[in-house]
Each structure stands twice: as structure tokens, then as C-alpha cells.
Amino acid sequence: MTAIYFSGTGNTRFCTEKFSEQAGCTQIFSIEDSSAVSEISESKDIIFAYPIYYSNLPKIVRDFIVKNSNIWREKNIFIIATMGLFSGDGSGVSARLFKKFGANIVGGLHIKMPDCIGDVKALKKSCEENLQTIQASVRKINSAAECYKNKKPTGEGLNFISHMAGLFGQRLYFYSKTKNYTDSVKIRRDVCTGCGKCEKLCPMKNIRISEGKAVSGNMCTLCYRCFSNCPQKAITILGSKVLVQHKIENYEDKL
Ligand SMILES: Cc1cc2nc3c(=O)[nH]c(=O)nc-3n(C[C@H](O)[C@H](O)[C@H](O)COP(=O)(O)O)c2cc1C
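Predicted model only: the values in this text are computed from it and were never measured.

How each quantity is defined
- Numbering of residues begins from 1 in every chain and follows the order in which that chain's sequence is written.
- Reporting of local features is limited, given that this is a predicted model, to residues whose pLDDT is at least 70; pairs of side-chain atoms are given and counted only at 80 or more, and all residues count toward the totals for whole chains, interfaces and linings.
- Side-chain descriptors were evaluated using all non-hydrogen atoms of the structure, hydrogens and water having been removed beforehand.
- Salt bridges are defined by distance alone: a side-chain nitrogen of Lys or Arg within 4 Å of a carboxyl oxygen of Asp or Glu.
- Note on conventions: DSSP H or I runs of at least 4 residues are helices, E runs of at least 2 residues are strands, and numbering of each starts at the N terminus.
- Only protein chains enter the accessibility calculation, which uses a 1.4 Å probe. A residue is then buried if its area is under 20% of the maximum for its type, exposed if over 50%, and partly exposed in between.
- At least two DSSP bridges between two strands are required for those strands to pair.
- Axis geometry follows a simple rule: fit a line to the C-alpha atoms, using only the stretch in contact for helices, then measure angles between N-to-C directions, giving values from 0 to 180 degrees.
- The criterion used for residue contact is that any of the two residues' heavy atoms lie within 4.5 Å.
- When the centres of two rings from Phe, Tyr and Trp lie within 6.5 Å, Trp using its six-membered ring, the rings pair. Their planes under 30 degrees apart give stacked, over 60 give edge-to-face, and anything left gives tilted.
- As a reminder, the over-ring test applies to NZ of lysine and CZ of arginine, requiring each to be within 6 Å of the ring centre and within 35 degrees of the ring normal.
- Boundaries between domains were set according to an automatic or database domain assignment.
- The term buried area refers to how much accessible surface (probe radius 1.4 Å) is lost by two components on association, counted for both of them together.
- For this analysis, a polar contact is any N or O atom pair within 3.5 Å, provided that within protein one partner can donate a hydrogen and the other can accept it, and provided that sequence-adjacent residues contribute only side-chain to side-chain pairs.
- Polar here means any residue other than Ala, Val, Leu, Ile, Met, Phe, Trp, Tyr, Cys and Pro, which are nonpolar, and Asp, Glu, Lys and Arg, which are charged; Gly is therefore polar.

A. Looking closely at the pattern of salt bridges. Under the defined criterion, the tally for this structure stands at 10 salt bridges. Across the pair Glu32 and Arg225 runs a salt bridge, and its minimum N-O distance is 2.7 Å. Of the two residues, Glu32 sits in the loop between strand S2 (27-30) and helix H2 (36-41) while Arg225 sits in helix H8 (residues 225-229), which places them 193 residues apart along the sequence. For Glu32, a relative accessible area of 37% gives the class partly exposed.

B. Molecular detail of the sheet that holds strand S3 (residues 45-51). The 5 strands are arranged S2-S1-S3-S4-S5 in an open sheet whose pairing can be described as parallel. The outermost strands of the open sheet, each flanked by one partner alone, are S2 and strand S5 (104-112). With strand direction ignored, the average angle separating the axes of adjacent strands in the sheet is 20°. Together, S3, strand S4 (76-83) and S5 form the strand contacts of helix H5 (residues 127-149), whose direction differs from that of S5 by roughly 160°.

C. Local environment of the packing of aromatic side chains. For the coordinates displayed, the defined rule picks out 11 aromatic pairs. Taken together, a centroid distance of 6.0 Å and an interplanar angle of 55° make the contact between Phe48 and Tyr50 tilted. Tyr50 shares its class with Phe48; the two are buried. Note on Phe48 and Trp72: the rings are 5.8 Å apart at their centroids and 90° apart in plane angle, and the pair reads as edge-to-face. On the criterion of sequence distance, the pair formed by Phe48 in strand S3 and Trp72 in the loop between helix H3 (59-67) and S4 is long-range, its members being 24 residues apart. Residues Phe48 and Trp72 agree in their burial class; the two are buried. Among the aromatic residues, those joined into a cluster by ring pairs are Phe48, Tyr50, Phe64, Trp72 and Phe98. Stacked on the ring of Tyr251, the Lys or Arg Lys254 has its end atom at 5.6 Å from the ring centre.

D. Up close: the domain arrangement of the protein. For the protein, the assigned domains are domain 1 (2-178) and domain 2 (186-245). Centre-to-centre, using C-alpha coordinates, domain 1 lies 25 Å away from domain 2. Taken together, the contact pairs 18 residues of domain 1 with 18 residues of domain 2. For the domain 1 and domain 2 pair, buried surface summed over both sides reaches about 1,300 Å², with 60% attributable to carbon and sulfur atoms. Run the count over domain 1 and domain 2 and you get 1 salt bridge. Remark: the boundary between domain 1 and domain 2 carries 10 residue pairs in polar contact (both at pLDDT 80 or more). Of the residues assigned to the side of domain 1 that touches domain 2, the class counts are 8 nonpolar, 4 polar and 6 charged.

Below, the structure written as C-alpha cells:
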């Protein structure tokens, strides 16, 4: 059994590790690891996890699945989708793609986590409320992992009603947001010190340091990792002001 995830600000990494620990899976990889594809190829049972963006797959995740379309055939895939509030068919969006490539979908799980969009006011909660959300999610993960171990996996987000909820609840109106990579990253030159942290962390290699300042290209997958880790708070993406830099690490030692 192998677990594979993508995570911008750590929520999905955290949930994948918790689920895997409880389900007895010791092999955990990020899609950014160079060995991820060969590890998947060698494993029959896969746990695949990602965050939901606008009730859809992050572009980087969709591209990973499609680019490696030949490795999913006859794999038993359990899907975990993390979200701030609602996705409808968060696990269903990848399930339909995996099925197209010959995979067998064994179940799905939706996990509510703190919202990672730290430059837009909507959905913001206090640290205490976020901590309670994470604690409730850990309980849900533990129980779902037990079901998975006992060969009665949960099936959240996979039925027709979830599909309609995801489609009409959100995806239809926001489809363009995840269709392509974007040039949405804005970096304040007057504040940036050119420390290079964003350049190192960007999963798309979309940021580089030029003449002592960070410069962004047009290949952003909207993961908020650069935003959340900028020591100068010089980066914004969808909004224009840094309100909160969410990182799961800020909560992990309080759990
Ligand atoms: C661009 C973007 C769009 C998002 N859209 C949704 C959404 O449609 N529904 C939702 O509940 N959460 C949404 N979220 C919140 C994330 O899914 C959630 O915070 C997730 O757990 C982040 O995971 P990560 O820390 O592994 O990146 C969105 C986040 C981003 C960055």
C-alpha cells in the first residue's frame, strides 16, 4: 500500500499521514518526489490525496494524473480530498479521471481543514476554531482508516448526488479558475528581500530570484505555499492583503 498526496500549505500532507498511520501504510510520497511514479507503479493499493480548489482538482494534480495515465490501470485507489468547507464531489473529480485510466475506485473521504486562502476574508476562523476543526478531522480520519482497514471503506463524494452538488454548487461557475495555471502571484518589490524561500518552495518552479527580488511567472497552481511561507509577507495571490499565513505546522504541536 502506498499513499501519494499533493499539499500546498500542509493540510493534505497532515491528513494523509494520519490516515496512513492508522491504516498501516508506511510508504508516503508527495507527487513532487521524484520517486512517486515508480512507487505507485509497484503498488496495487493506493491512497491518493489532494486539496480541493473551487470544487475541482488543482491543476498540478490533474496534470500529474493525466501525465501518468498509464500507471493507474487496475490499481485500487482510495481518495482523500481536503477542503475548507464544501466540495460536493471532491473525491469524485479525480475518481472519474482515474476510472478513465482503468483504475478501480475503492472509496472516498472528505476532510474539513482550515481554509488556506490567507488573503481573502471569507471563511476565516480563529486559531482556536481551526484547532477544533483539525481535532474533529483527526477523529474522522481515524474512524475512516479503521473502516478502510476492515475492507469497508467510506464512499464520500462518489455518488451522483455529490456529483450534482459539486457541479452546480460551485464547479460550473468557477471552472476557469483551475483550467489553466495562472499569473496571479503578486510580489511587492519594495518589501521582498530576495531571500529565495518562495523560489525553493514553489512546486511549479514558477518563482525565481532576479536582481535580488522574487519574480513570478504565469504557471501558478494557486497552492498558497509561497504566500504562507514568505517571511516578509510580500506575496498575495487572489486578494491584495496578507490576513493570515496558514500552515499546518502552526497547529501540529498543539494537537
Ligand atoms: C485556490 C483555492 C480554492 C479553494 N477552493 C475551495 C473550495 O471550493 N471548497 C473548499 O471547501 N475549500 C476550498 N479551498 C480550501 C482548501 O481546499 C483547503 O484549505 C485545503 O485543505 C488546503 O490543503 P493544503 O494545505 O494541503 O494545500 C480552496 C483553496 C484554494 C487555495
